[in-house]
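# Chains, contacts and geometry: an overview
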Amino acid sequence: MQKFLSTRISIVSRSKGSCRSAIDANGYIEREERDCEYDGHHYKPDAKEDLVHKEVNLPENAPEEFKDSATLWNSVEMVEKSSKAQLCRHLKMSLPNEWTYEVAEEVVRKYVMDNFVSKGMCANWAIHDAVNEKGQRNLHFHCLLTLRALDENGKWMPKQRKIYILDENGNKIRQGKNYKCKTEQVTDWNDRKWGKIWRRNLADLINETNEALKIDAHWEHKSFKELGIDAPPTIHLGSKANALEKKGIHTERGDYNRKVMEIRGLINFIAKTSASIESFVSDKARLIKNDVSDLIKAVVKRHGRLQLPIMKGEFIRKVSGRENLQDPENMLSFAEAKGITNFDELQSFMDEHGATYEKLDADYDKRSDRIKELHTKLQSYDRYADYLEVYKKSKSLKGFAKLKFDRDNKAMLDAYPSELERLRKVIPKGEKVTLGKWQKEIEQLLDEQEPIGAKIGEEVHDLTYAEVLKYNKGNEEREQANDRSAREHQISRQRKHSYLER
(Lines give C-alpha, C1' and ligand atoms only; values in the text may rest on other atoms or scores of the structure.)
Protein backbone atom coordinates (compact mmCIF):
# COMPACT_ATOMS: atom_id res chain seq x y z
CA MET A 1 0.00 0.00 0.00
CA GLN A 2 1.43 3.37 -1.02
CA LYS A 3 1.01 6.55 0.98
CA PHE A 4 2.21 10.06 0.23
CA LEU A 5 4.20 12.01 2.79
CA SER A 6 2.51 15.27 3.75
CA THR A 7 4.90 18.07 4.72
CA ARG A 8 4.79 21.83 5.09
CA ILE A 9 7.93 23.92 5.64
CA SER A 10 7.59 27.62 6.37
CA ILE A 11 9.46 30.52 7.95
CA VAL A 12 8.08 32.26 11.04
CA SER A 13 8.66 35.95 10.28
CA ARG A 14 7.56 39.19 11.90
CA SER A 15 6.67 40.61 8.50
CA LYS A 16 4.22 38.02 7.17
CA GLY A 17 2.11 34.98 7.90
CA SER A 18 -0.53 34.16 10.52
CA CYS A 19 2.18 33.39 13.09
CA ARG A 20 4.67 36.25 13.46
CA SER A 21 6.38 35.27 16.71
CA ALA A 22 8.65 32.37 17.62
CA ILE A 23 7.07 32.42 21.09
CA ASP A 24 3.60 32.20 19.53
CA ALA A 25 4.74 29.25 17.37
CA ASN A 26 6.28 27.54 20.42
CA GLY A 27 3.09 27.97 22.44
CA TYR A 28 1.05 26.62 19.53
CA ILE A 29 2.99 23.36 19.10
CA GLU A 30 3.32 22.78 22.87
CA ARG A 31 -0.28 23.87 23.62
CA GLU A 32 0.85 26.21 26.39
CA GLU A 33 0.44 29.92 27.08
CA ARG A 34 3.60 31.97 26.56
CA ASP A 35 4.88 35.49 27.36
CA CYS A 36 7.11 37.15 24.76
CA GLU A 37 9.89 39.36 26.12
CA TYR A 38 10.34 41.10 22.75
CA ASP A 39 6.84 42.49 22.24
CA GLY A 40 5.37 42.00 25.72
CA HIS A 41 2.43 40.00 24.35
CA HIS A 42 0.79 37.08 26.14
CA TYR A 43 0.11 34.35 23.59
CA LYS A 44 -2.68 31.88 24.26
CA PRO A 45 -2.98 28.91 21.86
CA ASP A 46 -6.10 26.93 21.02
CA ALA A 47 -7.20 24.69 23.90
CA LYS A 48 -6.75 21.42 22.00
CA GLU A 49 -6.07 18.14 23.74
CA ASP A 50 -3.98 16.60 20.96
CA LEU A 51 -0.47 16.91 22.42
CA VAL A 52 1.31 13.54 22.62
CA HIS A 53 4.88 14.59 23.39
CA LYS A 54 7.11 17.68 23.38
CA GLU A 55 10.90 17.96 23.48
CA VAL A 56 13.89 20.23 22.90
CA ASN A 57 17.10 18.88 21.34
CA LEU A 58 20.26 20.99 21.35
CA PRO A 59 23.74 20.86 19.79
CA GLU A 60 26.66 20.43 22.20
CA ASN A 61 27.60 24.13 22.24
CA ALA A 62 24.10 25.35 23.18
CA PRO A 63 23.51 26.82 26.68
CA GLU A 64 21.93 24.42 29.17
CA GLU A 65 19.04 26.83 29.83
CA PHE A 66 17.87 26.45 26.22
CA LYS A 67 16.41 23.07 27.23
CA ASP A 68 13.48 25.19 28.40
CA SER A 69 11.69 26.01 25.14
CA ALA A 70 10.32 29.37 26.36
CA THR A 71 13.87 30.47 27.26
CA LEU A 72 15.19 29.31 23.88
CA TRP A 73 12.63 31.19 21.79
CA ASN A 74 12.70 34.33 23.92
CA SER A 75 16.46 34.38 23.32
CA VAL A 76 15.79 34.10 19.57
CA GLU A 77 13.23 36.92 19.76
CA MET A 78 15.60 39.22 21.64
CA VAL A 79 18.60 38.69 19.35
CA GLU A 80 16.52 39.67 16.28
CA LYS A 81 16.16 43.49 16.17
CA SER A 82 14.46 43.99 12.80
CA SER A 83 10.70 44.40 12.54
CA LYS A 84 10.86 42.11 9.48
CA ALA A 85 13.20 39.52 10.99
CA GLN A 86 12.95 35.84 10.15
CA LEU A 87 12.76 34.05 13.50
CA CYS A 88 12.64 30.30 12.95
CA ARG A 89 11.75 27.54 10.53
CA HIS A 90 8.50 25.60 11.12
CA LEU A 91 8.07 22.04 9.84
CA LYS A 92 4.83 20.06 9.95
CA MET A 93 5.14 16.45 8.81
CA SER A 94 2.83 13.45 8.83
CA LEU A 95 3.47 10.11 10.57
CA PRO A 96 1.82 6.68 10.19
CA ASN A 97 -1.37 6.38 12.26
CA GLU A 98 -0.50 2.70 12.81
CA TRP A 99 2.45 3.63 15.05
CA THR A 100 2.34 3.69 18.83
CA TYR A 101 3.24 6.99 20.47
CA GLU A 102 6.46 5.44 21.81
CA VAL A 103 7.56 4.46 18.29
CA ALA A 104 6.66 7.93 17.00
CA GLU A 105 8.74 9.62 19.72
CA GLU A 106 11.77 7.43 19.04
CA VAL A 107 11.63 7.93 15.26
CA VAL A 108 11.05 11.71 15.39
CA ARG A 109 13.88 12.13 17.90
CA LYS A 110 16.28 10.24 15.61
CA TYR A 111 15.10 12.21 12.58
CA VAL A 112 15.54 15.57 14.34
CA MET A 113 18.96 14.69 15.76
CA ASP A 114 20.30 13.34 12.44
CA ASN A 115 18.96 16.05 10.14
CA PHE A 116 19.02 19.22 12.24
CA VAL A 117 20.78 19.07 15.60
CA SER A 118 23.84 17.38 14.08
CA LYS A 119 24.11 20.41 11.74
CA GLY A 120 24.12 22.85 14.69
CA MET A 121 20.42 23.81 14.86
CA CYS A 122 18.38 23.96 18.06
CA ALA A 123 15.18 21.95 17.58
CA ASN A 124 11.90 22.16 19.49
CA TRP A 125 9.38 19.51 18.40
CA ALA A 126 5.99 18.18 19.44
CA ILE A 127 3.86 15.25 18.31
CA HIS A 128 0.12 15.80 17.88
CA ASP A 129 -2.61 13.21 17.33
CA ALA A 130 -5.48 15.18 15.83
CA VAL A 131 -8.94 13.88 14.92
CA ASN A 132 -11.10 15.60 12.31
CA GLU A 133 -14.87 15.96 12.38
CA LYS A 134 -15.24 12.63 10.56
CA GLY A 135 -13.24 10.78 13.20
CA GLN A 136 -10.19 10.32 10.97
CA ARG A 137 -6.87 10.36 12.85
CA ASN A 138 -3.86 12.41 11.83
CA LEU A 139 -0.67 11.59 13.72
CA HIS A 140 1.93 14.24 12.86
CA PHE A 141 4.68 16.36 14.35
CA HIS A 142 5.71 20.01 14.35
CA CYS A 143 9.33 21.11 14.60
CA LEU A 144 10.71 24.62 15.14
CA LEU A 145 14.34 25.16 14.06
CA THR A 146 16.67 28.05 14.79
CA LEU A 147 18.03 30.03 11.84
CA ARG A 148 21.19 31.32 13.54
CA ALA A 149 24.17 29.15 14.46
CA LEU A 150 25.78 29.21 17.91
CA ASP A 151 29.50 29.78 18.43
CA GLU A 152 31.67 27.63 20.71
CA ASN A 153 30.60 29.74 23.70
CA GLY A 154 26.88 29.29 23.03
CA LYS A 155 26.37 32.84 21.70
CA TRP A 156 24.19 33.56 18.66
CA MET A 157 26.21 34.21 15.51
CA PRO A 158 25.18 36.60 12.73
CA LYS A 159 23.20 35.09 9.86
CA GLN A 160 25.51 36.73 7.30
CA ARG A 161 29.15 37.79 7.22
CA LYS A 162 30.98 40.38 5.16
CA ILE A 163 33.60 39.13 2.67
CA TYR A 164 36.02 41.70 1.26
CA ILE A 165 36.85 41.44 -2.45
CA LEU A 166 40.62 41.47 -3.00
CA ASP A 167 42.71 42.49 -5.99
CA GLU A 168 45.32 40.32 -7.68
CA ASN A 169 47.79 41.20 -4.92
CA GLY A 170 45.47 40.18 -2.14
CA ASN A 171 44.64 43.76 -1.06
CA LYS A 172 41.19 45.23 -0.36
CA ILE A 173 39.70 47.24 -3.19
CA ARG A 174 38.72 50.80 -2.24
CA GLN A 175 35.16 51.84 -3.22
CA GLY A 176 34.50 55.43 -2.16
CA LYS A 177 34.99 55.67 1.61
CA ASN A 178 34.60 51.92 2.07
CA TYR A 179 36.01 48.76 0.61
CA LYS A 180 34.39 46.58 -2.03
CA CYS A 181 32.70 43.59 -0.41
CA LYS A 182 29.89 41.05 -0.58
CA THR A 183 27.89 39.13 1.99
CA GLU A 184 27.48 35.38 2.36
CA GLN A 185 25.37 33.17 4.60
CA VAL A 186 27.12 31.77 7.70
CA THR A 187 25.29 28.47 7.16
CA ASP A 188 23.64 26.79 4.18
CA TRP A 189 20.46 25.96 6.12
CA ASN A 190 18.32 28.15 3.83
CA ASP A 191 19.45 26.33 0.68
CA ARG A 192 16.32 25.13 -1.16
CA LYS A 193 17.88 21.69 -1.68
CA TRP A 194 17.25 20.79 1.96
CA GLY A 195 13.47 20.64 1.58
CA LYS A 196 13.64 17.61 -0.71
CA ILE A 197 16.43 16.03 1.33
CA TRP A 198 14.47 16.37 4.59
CA ARG A 199 11.35 14.88 2.95
CA ARG A 200 13.31 11.98 1.49
CA ASN A 201 15.11 11.26 4.77
CA LEU A 202 11.84 11.18 6.73
CA ALA A 203 10.17 8.89 4.17
CA ASP A 204 13.19 6.55 4.26
CA LEU A 205 13.10 6.43 8.07
CA ILE A 206 9.32 5.80 8.08
CA ASN A 207 9.68 2.99 5.54
CA GLU A 208 12.58 1.45 7.48
CA THR A 209 10.47 1.53 10.67
CA ASN A 210 7.38 0.15 8.92
CA GLU A 211 9.44 -2.71 7.55
CA ALA A 212 10.77 -3.54 11.03
CA LEU A 213 7.21 -3.40 12.44
CA LYS A 214 5.85 -5.43 9.49
CA ILE A 215 3.43 -2.65 8.50
CA ASP A 216 2.42 -3.02 4.85
CA ALA A 217 2.71 0.61 3.76
CA HIS A 218 5.31 2.38 1.63
CA TRP A 219 5.61 6.15 2.02
CA GLU A 220 6.57 8.22 -1.01
CA HIS A 221 8.36 11.55 -0.55
CA LYS A 222 8.24 12.68 -4.18
CA SER A 223 5.55 15.08 -5.38
CA PHE A 224 2.90 14.06 -7.92
CA LYS A 225 4.76 16.09 -10.53
CA GLU A 226 8.04 14.28 -9.81
CA LEU A 227 6.23 10.93 -10.08
CA GLY A 228 4.55 11.90 -13.35
CA ILE A 229 1.06 11.77 -11.86
CA ASP A 230 -1.29 14.23 -13.54
CA ALA A 231 -3.08 15.40 -10.39
CA PRO A 232 -2.76 18.79 -8.71
CA PRO A 233 -1.76 19.01 -5.04
CA THR A 234 -4.03 20.40 -2.36
CA ILE A 235 -3.25 23.84 -0.97
CA HIS A 236 -2.96 25.04 2.62
CA LEU A 237 -6.26 26.54 3.77
CA GLY A 238 -4.89 29.08 6.24
CA SER A 239 -6.51 30.05 9.53
CA LYS A 240 -9.23 32.32 8.05
CA ALA A 241 -10.40 29.89 5.36
CA ASN A 242 -10.23 27.01 7.83
CA ALA A 243 -12.43 28.87 10.32
CA LEU A 244 -15.01 29.64 7.61
CA GLU A 245 -15.02 26.06 6.35
CA LYS A 246 -15.65 24.77 9.89
CA LYS A 247 -18.73 27.01 10.02
CA GLY A 248 -20.00 25.47 6.78
CA ILE A 249 -19.08 28.47 4.65
CA HIS A 250 -17.36 27.46 1.41
CA THR A 251 -14.18 29.27 0.38
CA GLU A 252 -12.25 29.32 -2.89
CA ARG A 253 -9.39 27.40 -1.26
CA GLY A 254 -11.78 24.86 0.23
CA ASP A 255 -13.59 24.37 -3.11
CA TYR A 256 -10.23 23.91 -4.83
CA ASN A 257 -9.17 21.23 -2.35
CA ARG A 258 -12.49 19.45 -2.69
CA LYS A 259 -12.04 19.35 -6.45
CA VAL A 260 -8.54 17.97 -6.04
CA MET A 261 -9.84 15.24 -3.77
CA GLU A 262 -12.38 14.27 -6.42
CA ILE A 263 -9.67 14.11 -9.07
CA ARG A 264 -7.55 11.85 -6.88
CA GLY A 265 -10.51 9.62 -6.19
CA LEU A 266 -9.96 9.77 -2.46
CA ILE A 267 -13.46 10.77 -1.43
CA ASN A 268 -14.67 7.29 -0.47
CA PHE A 269 -15.30 7.82 3.21
CA ILE A 270 -18.93 7.69 4.35
CA ALA A 271 -19.27 9.15 7.80
CA LYS A 272 -21.64 7.54 10.27
CA THR A 273 -24.40 9.91 11.32
CA SER A 274 -24.83 10.67 15.00
CA ALA A 275 -28.33 9.18 14.76
CA SER A 276 -27.02 5.81 13.58
CA ILE A 277 -24.33 5.80 16.26
CA GLU A 278 -26.85 6.62 18.96
CA SER A 279 -29.16 3.94 17.60
CA PHE A 280 -26.40 1.32 17.81
CA VAL A 281 -25.39 2.37 21.31
CA SER A 282 -29.01 2.26 22.46
CA ASP A 283 -29.48 -1.25 21.03
CA LYS A 284 -26.30 -2.50 22.65
CA ALA A 285 -27.04 -0.73 25.92
CA ARG A 286 -30.39 -2.49 26.23
CA LEU A 287 -28.47 -5.77 26.40
CA ILE A 288 -26.07 -4.54 29.12
CA LYS A 289 -27.89 -1.73 30.84
CA ASN A 290 -25.41 -0.37 33.39
CA ASP A 291 -23.38 2.66 34.41
CA VAL A 292 -20.67 1.97 31.84
CA SER A 293 -23.06 1.75 28.88
CA ASP A 294 -24.84 4.90 30.11
CA LEU A 295 -21.53 6.75 30.14
CA ILE A 296 -20.60 5.55 26.64
CA LYS A 297 -23.99 6.64 25.33
CA ALA A 298 -23.62 10.10 26.91
CA VAL A 299 -20.10 10.63 25.52
CA VAL A 300 -21.09 9.49 22.02
CA LYS A 301 -24.11 11.78 22.09
CA ARG A 302 -21.88 14.72 22.98
CA HIS A 303 -18.81 14.00 20.80
CA GLY A 304 -19.79 11.28 18.33
CA ARG A 305 -17.00 9.06 19.67
CA LEU A 306 -15.09 8.27 22.86
CA GLN A 307 -12.30 10.67 23.85
CA LEU A 308 -8.67 9.64 24.35
CA PRO A 309 -6.36 10.58 27.26
CA ILE A 310 -3.42 11.38 25.00
CA MET A 311 -1.06 13.05 27.49
CA LYS A 312 -2.50 11.61 30.70
CA GLY A 313 -2.67 7.98 29.58
CA GLU A 314 -0.06 5.50 30.81
CA PHE A 315 -0.96 2.56 28.56
CA ILE A 316 -2.42 4.27 25.48
CA ARG A 317 1.12 5.31 24.53
CA LYS A 318 2.03 1.62 24.09
CA VAL A 319 -0.69 0.65 21.59
CA SER A 320 -1.44 1.31 17.94
CA GLY A 321 -4.84 1.42 16.25
CA ARG A 322 -6.11 4.02 18.69
CA GLU A 323 -9.17 4.72 16.56
CA ASN A 324 -10.52 1.35 17.76
CA LEU A 325 -10.55 2.73 21.30
CA GLN A 326 -12.98 5.46 20.22
CA ASP A 327 -15.45 3.03 18.69
CA PRO A 328 -18.39 2.55 21.10
CA GLU A 329 -19.01 -0.98 19.78
CA ASN A 330 -15.49 -2.06 20.72
CA MET A 331 -15.73 -0.44 24.16
CA LEU A 332 -19.11 -1.99 24.96
CA SER A 333 -17.84 -5.40 23.83
CA PHE A 334 -14.82 -5.01 26.10
CA ALA A 335 -16.94 -4.07 29.13
CA GLU A 336 -19.33 -6.96 28.47
CA ALA A 337 -16.49 -9.50 28.02
CA LYS A 338 -14.81 -8.40 31.26
CA GLY A 339 -18.06 -8.21 33.24
CA ILE A 340 -17.60 -4.51 34.03
CA THR A 341 -20.96 -2.85 34.70
CA ASN A 342 -20.02 0.01 37.04
CA PHE A 343 -16.97 2.10 37.89
CA ASP A 344 -16.15 0.33 41.16
CA GLU A 345 -15.76 -2.84 39.09
CA LEU A 346 -13.70 -0.89 36.58
CA GLN A 347 -11.33 0.34 39.30
CA SER A 348 -11.01 -3.18 40.76
CA PHE A 349 -10.22 -4.47 37.27
CA MET A 350 -7.53 -1.81 36.81
CA ASP A 351 -6.00 -2.49 40.24
CA GLU A 352 -5.86 -6.25 39.67
CA HIS A 353 -4.55 -6.13 36.12
CA GLY A 354 -2.24 -3.22 36.92
CA ALA A 355 -0.56 -5.37 39.58
CA THR A 356 -0.29 -8.26 37.11
CA TYR A 357 1.22 -5.96 34.51
CA GLU A 358 3.81 -4.58 36.96
CA LYS A 359 4.89 -8.10 37.98
CA LEU A 360 5.18 -9.22 34.34
CA ASP A 361 7.02 -6.03 33.42
CA ALA A 362 9.45 -6.53 36.32
CA ASP A 363 10.08 -10.14 35.26
CA TYR A 364 10.69 -9.02 31.68
CA ASP A 365 13.02 -6.21 32.76
CA LYS A 366 14.94 -8.56 35.08
CA ARG A 367 15.72 -10.80 32.13
CA SER A 368 16.51 -7.80 29.93
CA ASP A 369 19.00 -6.52 32.50
CA ARG A 370 20.67 -9.93 32.69
CA ILE A 371 20.82 -10.19 28.89
CA LYS A 372 22.39 -6.73 28.74
CA GLU A 373 24.91 -7.73 31.43
CA LEU A 374 25.89 -10.90 29.54
CA HIS A 375 26.16 -9.02 26.21
CA THR A 376 28.46 -6.52 27.92
CA LYS A 377 30.65 -9.36 29.24
CA LEU A 378 30.85 -10.96 25.80
CA GLN A 379 31.63 -7.66 24.06
CA SER A 380 34.21 -6.71 26.67
CA TYR A 381 36.01 -10.03 26.41
CA ASP A 382 35.84 -9.93 22.61
CA ARG A 383 37.60 -6.54 22.70
CA TYR A 384 40.15 -7.78 25.25
CA ALA A 385 40.89 -11.05 23.44
CA ASP A 386 43.04 -9.45 20.71
CA TYR A 387 45.23 -7.71 23.31
CA LEU A 388 45.50 -10.90 25.36
CA GLU A 389 46.62 -12.89 22.32
CA VAL A 390 49.41 -10.38 21.59
CA TYR A 391 50.42 -10.32 25.28
CA LYS A 392 50.62 -14.14 25.48
CA LYS A 393 52.56 -14.29 22.24
CA SER A 394 55.07 -11.77 23.59
CA LYS A 395 55.51 -13.82 26.78
CA SER A 396 56.13 -17.00 24.78
CA LEU A 397 59.01 -15.51 22.77
CA LYS A 398 62.64 -14.87 23.67
CA GLY A 399 65.66 -13.04 22.34
CA PHE A 400 65.62 -11.30 18.99
CA ALA A 401 62.22 -12.75 18.03
CA LYS A 402 60.65 -11.20 21.15
CA LEU A 403 62.35 -7.84 20.51
CA LYS A 404 61.06 -7.76 16.93
CA PHE A 405 57.52 -8.89 17.91
CA ASP A 406 57.32 -6.38 20.77
CA ARG A 407 58.48 -3.57 18.48
CA ASP A 408 55.89 -4.46 15.81
CA ASN A 409 53.09 -4.69 18.39
CA LYS A 410 54.16 -1.91 20.75
CA ALA A 411 50.82 -0.06 20.68
CA MET A 412 48.80 -3.11 21.68
CA LEU A 413 51.31 -4.19 24.34
CA ASP A 414 51.36 -0.70 25.84
CA ALA A 415 47.55 -0.69 25.90
CA TYR A 416 47.25 -4.18 27.43
CA PRO A 417 47.26 -3.06 31.13
CA SER A 418 44.50 -0.51 30.53
CA GLU A 419 42.46 -3.02 28.51
CA LEU A 420 42.82 -5.55 31.32
CA GLU A 421 41.66 -2.92 33.80
CA ARG A 422 38.70 -2.13 31.53
CA LEU A 423 37.81 -5.83 31.41
CA ARG A 424 38.00 -6.21 35.21
CA LYS A 425 35.32 -3.55 35.61
CA VAL A 426 32.95 -5.89 33.76
CA ILE A 427 34.40 -9.33 34.62
CA PRO A 428 35.99 -9.16 38.11
CA LYS A 429 39.18 -11.05 38.83
CA GLY A 430 38.34 -14.57 39.89
CA GLU A 431 35.18 -14.85 37.78
CA LYS A 432 35.51 -17.61 35.24
CA VAL A 433 35.14 -16.61 31.59
CA THR A 434 32.56 -18.96 30.05
CA LEU A 435 31.66 -17.56 26.66
CA GLY A 436 29.60 -20.53 25.52
CA LYS A 437 27.67 -20.70 28.79
CA TRP A 438 26.92 -16.97 28.64
CA GLN A 439 25.64 -17.21 25.07
CA LYS A 440 23.46 -20.21 25.98
CA GLU A 441 22.01 -18.28 28.96
CA ILE A 442 21.15 -15.34 26.68
CA GLU A 443 19.25 -17.67 24.34
CA GLN A 444 17.38 -19.21 27.28
CA LEU A 445 16.45 -15.78 28.67
CA LEU A 446 15.17 -14.68 25.25
CA ASP A 447 13.00 -17.81 25.07
CA GLU A 448 11.62 -17.02 28.54
CA GLN A 449 10.91 -13.41 27.56
CA GLU A 450 8.74 -14.30 24.58
CA PRO A 451 5.67 -15.63 26.48
CA ILE A 452 6.09 -12.91 29.13
CA GLY A 453 6.06 -10.26 26.38
CA ALA A 454 2.89 -11.79 24.91
CA LYS A 455 1.15 -11.68 28.31
CA ILE A 456 2.30 -8.06 28.80
CA GLY A 457 0.72 -7.21 25.43
CA GLU A 458 -2.60 -8.71 26.55
CA GLU A 459 -2.54 -6.78 29.84
CA VAL A 460 -1.64 -3.52 28.07
CA HIS A 461 -4.56 -4.04 25.66
CA ASP A 462 -7.07 -4.53 28.50
CA LEU A 463 -5.63 -1.75 30.67
CA THR A 464 -5.76 0.68 27.75
CA TYR A 465 -9.49 0.06 27.26
CA ALA A 466 -10.05 0.46 31.01
CA GLU A 467 -7.93 3.62 31.01
CA VAL A 468 -10.01 5.17 28.22
CA LEU A 469 -13.23 4.33 30.05
CA LYS A 470 -11.99 5.91 33.27
CA TYR A 471 -10.81 9.03 31.44
CA ASN A 472 -14.17 9.45 29.70
CA LYS A 473 -15.99 9.16 33.03
CA GLY A 474 -13.93 12.02 34.52
CA ASN A 475 -14.13 14.08 31.34
CA GLU A 476 -17.90 13.67 31.04
CA GLU A 477 -18.38 14.67 34.68
CA ARG A 478 -16.33 17.84 34.07
CA GLU A 479 -18.32 18.71 30.96
CA GLN A 480 -21.64 18.10 32.73
CA ALA A 481 -20.47 20.40 35.55
CA ASN A 482 -19.59 23.05 32.96
CA ASP A 483 -23.03 22.64 31.39
CA ARG A 484 -24.73 23.12 34.76
CA SER A 485 -22.60 26.16 35.48
CA ALA A 486 -23.44 27.68 32.10
CA ARG A 487 -27.16 27.05 32.62
CA GLU A 488 -27.07 28.59 36.10
CA HIS A 489 -25.23 31.60 34.74
CA GLN A 490 -27.81 31.98 31.96
CA ILE A 491 -30.71 31.72 34.42
CA SER A 492 -29.05 34.30 36.67
CA ARG A 493 -28.65 36.70 33.74
CA GLN A 494 -32.28 36.20 32.68
CA ARG A 495 -33.53 36.87 36.22
CA LYS A 496 -31.41 40.01 36.45
CA HIS A 497 -32.69 41.21 33.08
CA SER A 498 -36.30 40.49 34.08
CA TYR A 499 -35.84 42.39 37.36
CA LEU A 500 -34.45 45.44 35.54
CA GLU A 501 -37.38 45.44 33.14
CA ARG A 502 -39.84 45.50 36.06
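For the structure itself, look to the data block above.
What comes next is a walk through the structure.

What counts and what doesn't
- Residues numbered from 1 in each chain as written.
- Predicted model: local features only at pLDDT ≥ 70, side-chain atom pairs only at ≥ 80, totals over all residues.
- Heavy atoms only, no water.
- Helix = DSSP H or I, 4+ residues; strand = E, 2+ residues; numbered from the N terminus.
- Buried < 20%, exposed > 50% of the residue type's maximum accessible area, 1.4 Å probe, protein only.
- Contact = heavy atoms within 4.5 Å.
- Areas by Shrake-Rupley, 256 points an atom, 1.4 Å probe, with all protein chains shown as cover.
- Phe/Tyr/Trp six-rings, centres within 6.5 Å; stacked < 30°, edge-to-face > 60°.
- Lys NZ or Arg CZ within 6 Å of the ring centre and 35° of its normal.
- Lys, Arg positive; Asp, Glu negative; His and termini not counted.
- Salt bridge = Lys/Arg side-chain N within 4 Å of Asp/Glu carboxyl O.
- Polar contact = N/O pair within 3.5 Å; in protein donor to acceptor, adjacent residues only side chain to side chain.
- Core = buried A, V, L, I, M, F, W, Y, C linked by side-chain atoms within 4.5 Å.
- Pairing = 2+ DSSP bridges.
- Axes fitted to C-alpha atoms, helices over the stretch in contact; angles between N-to-C directions.
- Patch = residues over 30% accessible without salt bridge, like charges linked within 9 Å, V, L, I, M, F, W, Y side chains within 5 Å.

### A closer look at the overall build of the protein chain
Within the protein chain, the secondary structure is distributed over 14 helices and 13 strands. Expressed as a percentage of its 502 residues, the buried residues of the protein chain come to 39%. Contacts in the protein chain between residues at least 24 apart in sequence constitute 69% of all its contacts with a sequence separation of at least 6. Only carbon and sulfur atoms are counted for the fraction: they give 49% of the accessible area of the protein chain, which is about 30,600 Å².

### Some thoughts on the packing of aromatic side chains
With the rule as written, the count across this model stands at 11 aromatic pairs. An aromatic cluster is defined as three or more aromatic residues linked by ring pairs; in this entry it consists of Y111, F116, F141, W194 and W198. The ring of Y101 carries R322 above its face, with NZ or CZ at 3.7 Å from the centroid. The cationic tip of K473 hangs over the ring face of F343; the distance from NZ or CZ to the ring centre is 5.3 Å.

### Some words on the side chain of R89
Note on placement: R89 falls in strand β6 (residues 86–94). With no salt bridge to any partner, buried R89 finds its closest opposite charge in D188, at an N-O distance of 9.1 Å. Here the side chain of R89 touches W189 through a polar contact of 3.4 Å, landing on its backbone oxygen. Ignoring anything within four residues of it in the chain, the contact list for R89 reads I9, S10, I11, C143, L144, L145, L147, W189, N190 and W198.

### Looking at unusual backbone geometry
Even without glycine at this site, R31 takes up a positive phi of about 55°. For K214, which is not a glycine, the phi torsion comes out positive at approximately 60°. With respect to the helices, strands and loops of the structure, K214 is situated in the loop between α4 (193–212) and β13 (218–220). Judged by relative accessible area, K214 falls into the exposed class, the value being 75%.

### A few points about the pattern of salt bridges
Under the counting rule described, the total for this entry stands at 30 salt bridges. Measuring nitrogen to oxygen at the nearest pair gives 3.1 Å for the salt bridge that ties E32 to R34. Given a relative accessible area of 29%, E32 falls into the partly exposed group. E431 is paired through a salt bridge with K377; the nearest N and O atoms lie 3.1 Å apart. Placement of the pair is E431 in the loop between α13 (410–426) and α14 (435–501) and K377 in helix α11 (residues 343–396), with a sequence separation of 54 residues. Looking at E431, the relative accessible area reads 30%, which means it is partly exposed. Overlapping salt bridges, with partners in common, bring together E30, E32, R34 and K54 in one network.

### Structural notes on the nonpolar core
Y111, V112 and F141 are the most contacted members of the largest nonpolar core, which has 65 residues in total. If one sorts the elements of this core by residue count, α14 sits on top with eight residues. With near-sequence residues (within four places) excluded, V112 lies in contact with N57, V117, A123, W125 and C143.

### Some points on the side chain of D129
Position of D129 among the secondary structure elements: in strand β7 (residues 123–131). Residue classification places D129 among the buried positions, given a relative accessible area of 2%. Of note is the side chain of D129, whose polar atom sits 2.8 Å from the side chain of R137. If near-sequence neighbours (up to four positions away) are discounted, D129 is found in contact with D50, V52, Y101, R137, N138, L139, I310 and R322.

### Section: the sheet that holds β6
Hydrogen bonding along the main chain pairs the strands of a sheet, whether they run parallel or antiparallel. Spatially, the five strands line up as an open sheet ordered β2-β6-β8-β7-β5, and their pairing is antiparallel. Every interior strand has two partners, whereas the edge strands, β2 (7–13) and β5 (51–57), have only one. When strand polarity is set aside, the average angle formed by the axes of neighbouring strands in this sheet is 15°. One ladder, built from seven bridges, connects β6 with strand β8 (residues 137–146); its direction is antiparallel. When the bridges of β8 are listed, S94 appears paired with H140. The strands that helix α1 (residues 22–30) touches are β2, β5, β6, β7 and β8; relative to β7, the one it contacts most, it runs at about 45°. Sheet strands touched by helix α2 (residues 69–79): β5, β6, β7 and β8. Its angle to β8, the strand with the most contacts, is close to 50°.

### Thoughts on the environment of Y164
As for its position among the elements, Y164 is in strand β9 (residues 160–164). What makes Y164 partly exposed here is its relative accessible area of 35%. C-alpha separation for the pair Y164 and Y179, spaced 15 residues apart in sequence, amounts to 7.1 Å. Setting aside residues up to four positions removed in sequence, Y164 forms contacts with K172, Y179, K180 and C181.

### Some thoughts on a nonpolar patch on the surface
Nonpolar side chains collect at one region of the surface, where Y164, L166 and Y179 lie side by side and expose about 270 Å² of accessible area between them. Secondary-structure assignment places Y179 in strand β11 (residues 178–179).

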